Amino acid sequence: MTEISSIQTAIADVRNRIDAACKRSGRNPDEVTLIAVSKTMPVEAIREAMVCDVIEFGENRPQELRDKQAMITEPLHWHMIGSLQTNKLKYVIGKTVLIHSVDSLHLAEEIEKASQKNKLITEILLEINIAGETSKHGINPEELENIVRAVAVLPHIKVRGLMTVAPYTENAEENRIYFRKMKQLMVDINLKNIDNITMDMLSMGMTGDYEIAIEEGATLVRVGTGIFGHRFYPSKE
Ligand SMILES: *Cc1c(COP(=O)(O)O)cnc(C)c1O
């Protein structure tokens, strides 16, 4: 008999909650991808999640991503969700399916250069500071259109959509307004018919608020604690 680990139980619970949130909001669960945020967690924890057919994993530190990839040879889909310094791009370009955390034109231009060098096209999301928090990374919503227009002409980058880290709150309902604003931002950008820009991905919602995010249109939810339990050492945002 195989023992069912707490990680496996947690994944089943999260999947049920995702399905329920989809049902409440009349959405198809196939539209929502669960990303297991494995930052700070050992590869054994990732392997536990893989038993449940999880293949999407989120990491926020490029070197940690590199180290884990060296230990796990199965073809997983790795997502870079943390702030990126340009000197760390070599660990990320061609090694992740999506970079969620592009928060400046400068970073996009460096991703363009590295992608060109590696002869590939990198899919990205633009990170938005939707609540205007001074402590947070992200593009100010008012600056988004200009940045999108500038990134749209970079041939080795494909902008797939937007990402946000909503404010920390005990009451997830308080973040509904921000998730709604994110969806509206994406709709508005698409209506501008910018060449090379059709956004279809919205990365929002974490352990505390992913169900609300799904009700408001999230297509990617990033769940760490809710799957792996508490992180025992701090991970830089
Ligand atoms: C750590 C992290 C998460 C997961 O947070 P939990 O609250 O543990 O689910 C999601 N997104 C980003 C960008 C993170 O850094």
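Refer to the structure presented above.
These figures come from a predicted structure and were not determined experimentally.

What counts, and where the lines are drawn
- Residues numbered from 1 in each chain as written.
- Predicted model: local features only at pLDDT ≥ 70, side-chain atom pairs only at ≥ 80, totals over all residues.
- Heavy atoms only, no water.
- Helix = DSSP H or I, 4+ residues; strand = E, 2+ residues; numbered from the N terminus.
- Rg over C-alpha atoms; globule rule 2.2 N^0.38 Å.
- Buried < 20%, exposed > 50% of the residue type's maximum accessible area, 1.4 Å probe, protein only.
- Contact = heavy atoms within 4.5 Å.
- Areas by Shrake-Rupley, 256 points an atom, 1.4 Å probe, with all protein chains shown as cover.
- Core = buried A, V, L, I, M, F, W, Y, C linked by side-chain atoms within 4.5 Å.
- Near = heavy atom within 4 Å.
- Polar contact = N/O pair within 3.5 Å; in protein donor to acceptor, adjacent residues only side chain to side chain.
- Nonpolar A, V, L, I, M, F, W, Y, C, P; charged D, E, K, R; others polar.
- Axes fitted to C-alpha atoms, helices over the stretch in contact; angles between N-to-C directions.
- Parallel < 35°, antiparallel > 145°, perpendicular 65-115°, else oblique.
- Left-handed = near helix turned anticlockwise from the far one by under 90°.

## A closer look at the overall build of the protein chain
Looking only at helices and strands, the protein chain features 8 helices and 8 strands. Computed over the C-alpha atoms, the radius of gyration of the protein chain is 17 Å, within 12% of the 18 Å expected from 2.2 N^0.38 for a compact globule of 237 residues. Dimensions of the protein chain, computed from C-alpha atoms along their principal axes, come out at roughly 55 × 40 × 30 Å. Counting across all 237 residues of the protein chain, residues that qualify as buried make up 51%. Once local pairs closer than 6 in sequence are excluded, the contacts in the protein chain between residues at least 24 apart make up 61%. Per element, the accessible surface of the protein chain, about 11,900 Å² overall, is 51% carbon and sulfur.

## Re the nonpolar core
Of all hydrophobic cores here, the largest spans 69 residues; its most connected members are Phe 57 and Leu 162. With 6 residues, the single largest contributor to this core is helix α1 (residues 6-24). When neighbours within four sequence positions are excluded, Phe 57 is seen to be in contact with Ile 35, Ala 36, Ser 38, Ile 46, Ala 49, Met 50, Leu 76, His 77, Trp 78, His 79 and Phe 228. Counting 7 residues, the second-largest nonpolar core is a separate cluster that includes Leu 125, Met 163, Val 165 and Leu 220.

## Some words on the site of the ligand
In the vicinity of the ligand, 13 residues are found, and the nearest of them are Lys 39, Thr 207, Arg 222, Gly 224 and Thr 225. In this structure, an oxygen atom belonging to the ligand sits 2.4 Å away from a side-chain N or O atom of Thr 207. Note that a nitrogen atom of the ligand is positioned 2.8 Å from one of the side-chain N or O atoms of Arg 222. Across the shell around the ligand, the residue classes break down as 6 nonpolar, 3 polar and 4 charged.

## Overview of the packing of α1 against helix α2 (residues 43-51)
Each pair of packed helices can be described by the angle between their axes along with the distance between the axes. For the pair α1 and α2, the least separation of the axes is 9 Å and the interaxial angle reads 50°. It follows that α1 is oblique to α2 by the angle criterion. For the pair α1 and α2, the crossing hand works out as right-handed. In this structure, α1 uses Ile 7, Gln 8 and Ile 11 to contact α2, whose residues at the interface are Ala 45, Glu 48, Ala 49 and Val 51. Its residues placed into classes, the contact of α1 with α2 shows 5 nonpolar, 1 polar and 1 charged.

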